[in-house]
Amino acid sequence: MHSATTLLDAVVRHVDATGFRAHGVHVRTADDTAEHHWTPDVRRQVHSVAKAVCVLATGIAADDGLVDVDEPIAATLPGTALGEGVDAVTLRHLLTMTSGIDMPWSPTEMTDWPDLAAEFLRRPSRGRVFQYANASTYTAMRVLAERVGDVGTFVSRRLFAPLGIEDLAWQRCPNGYVVAGEGLAMRTEELARIGRLVRDRGVVDGQRIVGARWCDAMHGDWVEREGTGPGYERYAMAGWDGPGRLWRLHGAHGQMLLFDQPDAAQPDAAEPDAAHPDAAQPGTVVTVTADDHFGADALAAFVADELARQDPRR
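Everything numeric here is computed off the predicted structure, so don't read it as measured data. (Residues numbered from 1 in each chain as written. Predicted model: local features only at pLDDT ≥ 70, side-chain atom pairs only at ≥ 80, totals over all residues. Heavy atoms only, no water.)

A. Just the overall build of the chain, in detail. When helices and strands are counted, the chain shows 10 helices and 12 strands. Its C-alpha atoms give the chain a radius of gyration of 19 Å, within 12% of the compact-globule value 20 Å for 314 residues. When its C-alpha atoms are laid out on the principal axes, the chain stretches across 55 × 45 × 40 Å. Expressed as a percentage of contacts within the chain between residues at least 6 apart in sequence, the contacts between residues at least 24 apart total 67%. Just so you have it, the chain exposes about 13200 Å², and 49% of that area is on carbon and sulfur atoms. (Helix = DSSP H or I, 4+ residues; strand = E, 2+ residues; numbered from the N terminus. Rg over C-alpha atoms; globule rule 2.2 N^0.38 Å. Contact = heavy atoms within 4.5 Å. Areas by Shrake-Rupley, 256 points an atom, 1.4 Å probe, with all protein chains shown as cover.)

In structure tokens form, the structure reads like this:
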């Protein structure tokens, strides 16, 4: 059985040996934690890991009865010009990248159009086809804003504050909306708090912040992809399957939350309590911040292999 320290030590040795440009690594196994930093733990962009924050925000709103992720978004955006087939697109489709709307990423996409969401929605849908796009998450948060008001304010109050994360600003588009799929800067330790919340299925220190089903949705009901490399073959709500027995939240340049946890299909697997004393203990989550886009997959694979070596029971 591994501990947070034994796993961290192995990761640190690997990083030092390979030259992976890590900023920090945080390991949590059950309630045991360990961390190491190569650079000061300041707030840095977590890139697409922000998509998981968007899923959690949507889940909190859905728990409140403010949104239905399976309702066509056209009902929330009356009067918006929609491309062919877009009238059937839902928030779930936007968050799982299955709207079928083709919108290639551009580093200037927030300023390429007067309104990115309007441009995205006016394009035709090809049905439930996977197409990874920041514009999809951005549009989802525009829909959410119609129900909760400013998404940045909502997230600060309902998600970050209970986690003890303060004064976190979300980058805005020229129209004043959060950019959604990116634009959040967090310290390694702050990002690890998001990882703990997701691993523990929406509960931190006995307080439920979001329903378990939204954390489970990040690594369940996978959308299968074809013609991709290992680790990119299945996508859920913000989460990628793999490598190995892991699943992950993965942002550009090596920002990762790597989860080794029981199957989400087991209702009590990650929530042991007095009523279920024999339930499995929560799994491990490894948080990585880095500036090494092309080395990230190899580091994730090492973590998967090392977990299998140190803790082969699963």
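B. Looking closely at the nonpolar core. Core analysis: the biggest nonpolar cluster contains 76 residues, and Leu159, Phe160 and Trp170 have the highest contact counts within it. Looking at this core element by element, the count peaks at 10 residues for helix H2 (residues 50–63). Beyond its immediate sequence surroundings of up to four residues, tryptophan 170 is in contact with Ala50, Val53, Cys54, Val151, Gly152, Val155, Val178, Val179, Ala180, Glu182, Gly183 and Leu184. Counting residues in hydrophobic clusters, the runner-up holds 25 residues, among them Leu7, Leu299, Ala300 and Ala304. (Core = buried A, V, L, I, M, F, W, Y, C linked by side-chain atoms within 4.5 Å. Buried < 20%, exposed > 50% of the residue type's maximum accessible area, 1.4 Å probe, protein only.)

C. Molecular detail of H2. Taking 1.5 Å of rise per residue, 14 residues should cover 20 Å, and H2 covers 20 Å from first to last C-alpha, within 8% of that figure. Burial analysis of H2 places 13 of its 14 residues in the buried class, the great majority of the element. Positive backbone phi, approximately 80 degrees, marks glycine 65, located one or two places after H2. (Expected span 1.5 Å × (residues − 1).)

D. Examining the confidence of the model for the chain more closely. A residue-level look at the chain finds 94% of positions with pLDDT of 70 or above and a mean pLDDT of 93. Here residues 265–279 is modelled with pLDDT under 50, and outside its nearest four sequence neighbours on either side it reaches 20 contacts, counting other chains as well. (pLDDT = per-residue confidence, 0-100.)

E. Highlighting the environment of threonine 80. By the element assignment, threonine 80 lies in the loop between H2 and helix H3 (91–95). Linking threonine 80 and valine 204, residues 124 residues apart in sequence, is a C-alpha distance of 39 Å. Only 3.1 Å separates the side chain of threonine 80 from the backbone oxygen of leucine 77, close enough to count as a polar contact. (Polar contact = N/O pair within 3.5 Å; in protein donor to acceptor, adjacent residues only side chain to side chain.)

F. Representation of the pattern of salt bridges in the model. Overall, the coordinates contain 20 salt bridges when judged by the stated rule. Arginine 196 is the salt-bridge partner of aspartate 200, the closest N and O atoms lying 4.0 Å from each other. Residue aspartate 200 shares its accessibility class with arginine 196, and that shared class is buried. (Salt bridge = Lys/Arg side-chain N within 4 Å of Asp/Glu carboxyl O.)

G. Here's a closer look at the state of the cysteines. Taken as a whole and assessed by the stated rule, the structure comprises 0 disulfides. The cysteine cysteine 173 is free of any disulfide, with cysteine 54 supplying the nearest cysteine sulfur at 13 Å. The class of cysteine 173 is buried, set by a relative accessible area of 7%. Looking at the unpaired cysteine 215, the closest cysteine sulfur is the one in cysteine 54, lying at 14 Å. Take cysteine 215: its relative accessible area is 0%, and that puts it in the buried class. (Disulfide = S-S within 2.5 Å.)

H. Representation of unusual backbone geometry. Between glycine 242 and the following residue, proline 243, the backbone shows a cis peptide bond with an omega angle of 5 degrees. Tracing the sequence through the fold places proline 243 in the loop between strand S9 (240–241) and strand S10 (247–251). We note that histidine 47 has phi near 55 degrees; this positive angle belongs to a residue other than glycine. Tracing the backbone through its elements, the reader meets histidine 47 in the loop between strand S3 (44–45) and H2. Overall, the relative accessible area of 21% leaves histidine 47 in the partly exposed class.

I. Region of the structure containing the pairing of strand S12 (residues 284–290). Of all 7 residues in S12, 7 are buried; the element is thus mostly enclosed. By the alternation rule, side chains of S12 split into Thr284, Val286, Val288 and Ala290 and Val285, Thr287 and Thr289, which are all buried. Bridge count between strand S1 (residues 22–29) and S12: 7 bridges; the pairing is antiparallel. Each bridged residue has a counterpart across the sheet, and for arginine 28 the counterpart in S12 is valine 285. Sheet analysis places strand S11 (residues 255–260) next to S12, joined by 5 bridges and oriented antiparallel. For leucine 257, the partnering residue across the bridge sits in S12 and is threonine 287. (Pairing = 2+ DSSP bridges.)

J. Geometry of the packing of helix H1 (residues 4–18) against helix H10 (residues 296–310). Contact geometry of H1 with H10 gives a least axis separation of 10 Å together with a crossing angle of 140 degrees. Considered as vectors, H1 and H10 are oriented oblique to each other. Note that H1 runs across H10; the crossing there is right-handed. In contact with Thr6, Leu7, Ala10, Val11, His14 and Val15 of H1, H10 contributes Leu299, Phe302, Val303, Glu306, Leu307 and Gln310. Its residues assigned to classes, the contact of H1 with H10 shows 8 nonpolar, 3 polar and 1 charged. (Axes fitted to C-alpha atoms, helices over the stretch in contact; angles between N-to-C directions. Parallel < 35°, antiparallel > 145°, perpendicular 65-115°, else oblique. Left-handed = near helix turned anticlockwise from the far one by under 90°. Nonpolar A, V, L, I, M, F, W, Y, C, P; charged D, E, K, R; others polar.)

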